[in-house]
Amino acid sequence: MLRTLNTLLAIRTSITANMLIYYIQKLPLLGKLVHNSFYANLGLKKAVSIIALIITQLWGFILRFAYLGILIYMPIAEIVVGLSEEEKHQQFVHIFAIISFVVAAISSATVLEPKREKYVAVKLMRLSGK
């Protein structure tokens, strides 16, 4: 199980690194400096993979704070004017618990969603679909 998750993370990181190299090639000034041979350069590809992994992890971290701020905290802090700080805190905890535990329990699981790395792992690398 853990080996499968590591394989999926490696595939996801490799795809992100390839996309990062591809989009850098499309930039007006930097694109001419980045050649197609960068895809085969193992040392450079590992460095780009580490950068891509860090960017992906930071992006996930930022999205979670945006979730807390935009969907939960801002409606309470901005819209509800007559509440004290204690009541705003109670409302925040209430909305956070409802969204995180009740709605998340009945919403679709992201593990079951079809993604590119799962396709690559099952179809191209012939890993078990289980």
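None of these values were measured; they are calculated from a predicted model. (Residues numbered from 1 in each chain as written. Predicted model: local features only at pLDDT ≥ 70, side-chain atom pairs only at ≥ 80, totals over all residues. Heavy atoms only, no water.)

J.: Just to check I follow, could you spell out the overall build of the chain for this structure?
T.: In terms of regular secondary structure, the chain is built from four helices and zero strands. Along the chain, helices (α) and strands (β) appear in the sequence α-α-α-α when read from the amino end. Per-residue burial over the chain gives 15% buried out of 130 residues. Long-range contacts, defined as pairs at least 24 residues apart, comprise 50% of the intrachain contacts of the chain with a sequence gap of at least 6. (Helix = DSSP H or I, 4+ residues; strand = E, 2+ residues; numbered from the N terminus. Buried < 20%, exposed > 50% of the residue type's maximum accessible area, 1.4 Å probe, protein only. Contact = heavy atoms within 4.5 Å.)

J.: Is there a simple way to explain the side chain of Q25 in this structure?
T.: Along the chain, Q25 falls in helix 1 (residues 2–25). Looking at Q25, its side chain comes within polar contact range of the main-chain oxygen of H35, at 3.4 Å. Setting aside residues up to four positions removed in sequence, Q25 forms contacts with G31, V34, H35, N36 and Y39. (Polar contact = N/O pair within 3.5 Å; in protein donor to acceptor, adjacent residues only side chain to side chain.)

J.: What am I meant to see in the confidence of the model for the chain here?
T.: Segments scoring low in pLDDT should not have their predicted coordinates read at a detailed level. In this model, the chain carries a mean pLDDT of 76, and residues with pLDDT of at least 70 account for 74%. Between the elements of the chain, mean pLDDT differs from a low of 63, seen in helix 4 (residues 116–124), to a high of 80, seen in helix 2 (residues 42–79). (pLDDT = per-residue confidence, 0-100.)

J.: Sorry, what's going on with a nonpolar patch on the surface here?
T.: Together, I50, I54, L58, W59, I62 and L63 make up an exposed nonpolar region whose accessible area comes to about 630 Å². With respect to the element layout, I50 can be found in helix 2. When its relative accessible area of 53% is taken as the criterion, I50 is described as exposed. (Patch = residues over 30% accessible without salt bridge, like charges linked within 9 Å, V, L, I, M, F, W, Y side chains within 5 Å. Areas by Shrake-Rupley, 256 points an atom, 1.4 Å probe, with all protein chains shown as cover. Salt bridge = Lys/Arg side-chain N within 4 Å of Asp/Glu carboxyl O.)

J.: When you look at the packing of aromatic side chains in this model, what are you seeing that I'm missing?
T.: Here the distance between the centres and the angle between the planes together describe a pair of aromatic rings. Using the criterion set out here, one finds three aromatic pairs in the structure. A centroid spacing of 5.0 Å and a plane angle of 80° characterise the contact between F61 and F65, whose relative ring orientation is edge-to-face. In this pair, F61 and F65 are both assigned in helix 2, four residues apart and thus about one turn of the helix distant. For F61, a relative accessible area of 51% gives the class exposed. Where F92 meets F96, the ring centres are 6.2 Å apart and the plane angle is 15°; that geometry is what we call stacked. Remark: F96 and F92 occur in helix 3 (residues 85–106); sequence separation between them is four residues, near one turn of the helix. You can call F92 partly exposed: its relative accessible area is 22%. (Phe/Tyr/Trp six-rings, centres within 6.5 Å; stacked < 30°, edge-to-face > 60°.)

J.: Even after reading the chapter, I still don't get the side chain of S49, so can you show me in this structure?
T.: Relative to the elements of secondary structure, S49 occurs in helix 2. Residue contacts for S49: discarding those within four places in its chain leaves T13 and A17.

J.: Whenever I open this one, the nonpolar core confuses me. Can you help?
T.: Soluble globular proteins tend to pack their nonpolar side chains together in the buried interior. Ranked by size, the top nonpolar core spans five residues in total: A17, I21, V34, V48 and A52. Breaking this core down by element, the ones donating at least two residues are helix 1 and helix 2. Excluding residues within four positions of it along the chain, V48 makes contact with A17, L20 and I21. (Core = buried A, V, L, I, M, F, W, Y, C linked by side-chain atoms within 4.5 Å.)

J.: What's the story with the environment of L83 in this structure? I'm lost.
T.: By the element assignment, L83 lies in the loop between helix 2 and helix 3. In contact with L83, not counting residues within four places along its chain, are K88 and Q91.

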